Each structure stands twice: as structure tokens, then as C-alpha cells.
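These are the residues of each chain, in order.
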Amino acid sequence: WLRPPSSAAAAAGGMPSAGGRERAAARLWAKVFEVVIASGAEPLSAFAALDSEDAGFVTLADAVALLSELGLPLSDSEIAVAARLASQGERLGIEEYMEQFGAWYAASAAS
């Protein structure tokens, strides 16, 4: 479910800059949150669905798996970021997930 970065990304070192990684990660979570809203699911139920191993946290790799399963397009940068951050152990617990969801929802409602 994780594709290697495109040849252009690989030629540029395979990973976007730190700021680029943050933006790609934010876009991935935004896509997940959009799916949550569109499906009518409760954010806590969505967290539980993403946390398929019942580990108490979710990763961007979980987000990529969900978005891929739904057939939603992902950029090479988003996939590379998810793989890298997952390999570094970056993850969100329920509180962090809900904080990010709330911030995304407030920002999307304001725009």
C-alpha cells in the first residue's frame, strides 16, 4: 500500500523538506477528516476504525491504507511522508487525533 517515491522525488533525495513533510502530513490528515465528515461517522468511531490493531494510536500509514482502500488519490510525496514518519514511530493517540480533527474542522468551517 506504500509506493516508492517517483523518480523526480528520488532524484531530489526522495523526501520533501521538513516543511514539505508537515504540509504533506497535514494534507493526508485533512483527506482522512474529509472522509470522516462525508461518511457521517463520528470522529471517535473513525479513530477506532483506523486503529485496526487496537493499539491506542494511529499513524499516517494507517491513513494511507484507508485512503488507498477507498481509492482516493495520493501523491508520491504523501506516501513517502507516511512511510518515513511511520518508520520514525510518529503516531497520534486519541487526544492528539481529536485535537487535530477539531482544528481541521474549525478551519474548514471558517473557510
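Residues numbered from 1 in each chain as written. Predicted model: local features only at pLDDT ≥ 70, side-chain atom pairs only at ≥ 80, totals over all residues. Heavy atoms only, no water.

### Section: the layout of surface pockets
Phase 1 of the analysis: Taken as a whole, the largest pocket holds about 250 Å³ of empty space.
Phase 2 of the analysis: If you trace the largest pocket, you find 15 residues lining it, with Ala46, Ala49, Leu50, Asp62 and Leu66 closest to the centre.
Phase 3 of the analysis: Listed by contribution, the elements that provide at least two residues to the lining of the largest pocket are α2 (18-39), α3 (43-50) and α4 (60-69).
Phase 4 of the analysis: Here the element with the most residues in the lining of the largest pocket is α4; it accounts for 5 residues. (1 Å grid on protein atoms, 1.4 Å probe; cavity = no way out; pocket = protein on both sides within 12 Å on 5 of 7 lines; lining within 4 Å. Points joined across faces, edges and corners; volume = space filled by probe spheres on them. Helix = DSSP H or I, 4+ residues; strand = E, 2+ residues; numbered from the N terminus.)

### Quick look at the packing of α4 against helix α5 (residues 76-87)
Phase 1 of the analysis: The geometry of α4 relative to α5 is characterised by a closest axis approach of 8 Å and an angle of 145° between their N-to-C directions. Together, Leu60, Ala61 and Val64 of α4 and Val81, Ala82, Leu85 and Ala86 of α5 make up the contact between the two elements. (Axes fitted to C-alpha atoms, helices over the stretch in contact; angles between N-to-C directions. Contact = heavy atoms within 4.5 Å.)

### Some words on the packing of aromatic side chains
Phase 1 of the analysis: Under the definition given, this model contains 9 aromatic pairs.
Phase 2 of the analysis: Measuring from ring centre to ring centre gives 5.8 Å for Phe101 and Trp104, while their planes differ by 45°; the resulting arrangement is tilted. Pair noted here: Phe101 and Trp104 are both in helix α6 (residues 94-110), with a separation of 3 residues, about one helical turn. For the pair Phe101 and Trp104, a shared accessibility class is recorded, and that class is buried.
Phase 3 of the analysis: Put simply, the rings of Trp29, Phe33, Phe47, Tyr97, Phe101, Trp104 and Tyr105 pair up and form one aromatic cluster.
Phase 4 of the analysis: The ring centre of Phe57 lies 4.0 Å from the NZ or CZ of Arg91, which sits over that ring. (Phe/Tyr/Trp six-rings, centres within 6.5 Å; stacked < 30°, edge-to-face > 60°. Buried < 20%, exposed > 50% of the residue type's maximum accessible area, 1.4 Å probe, protein only. Lys NZ or Arg CZ within 6 Å of the ring centre and 35° of its normal.)

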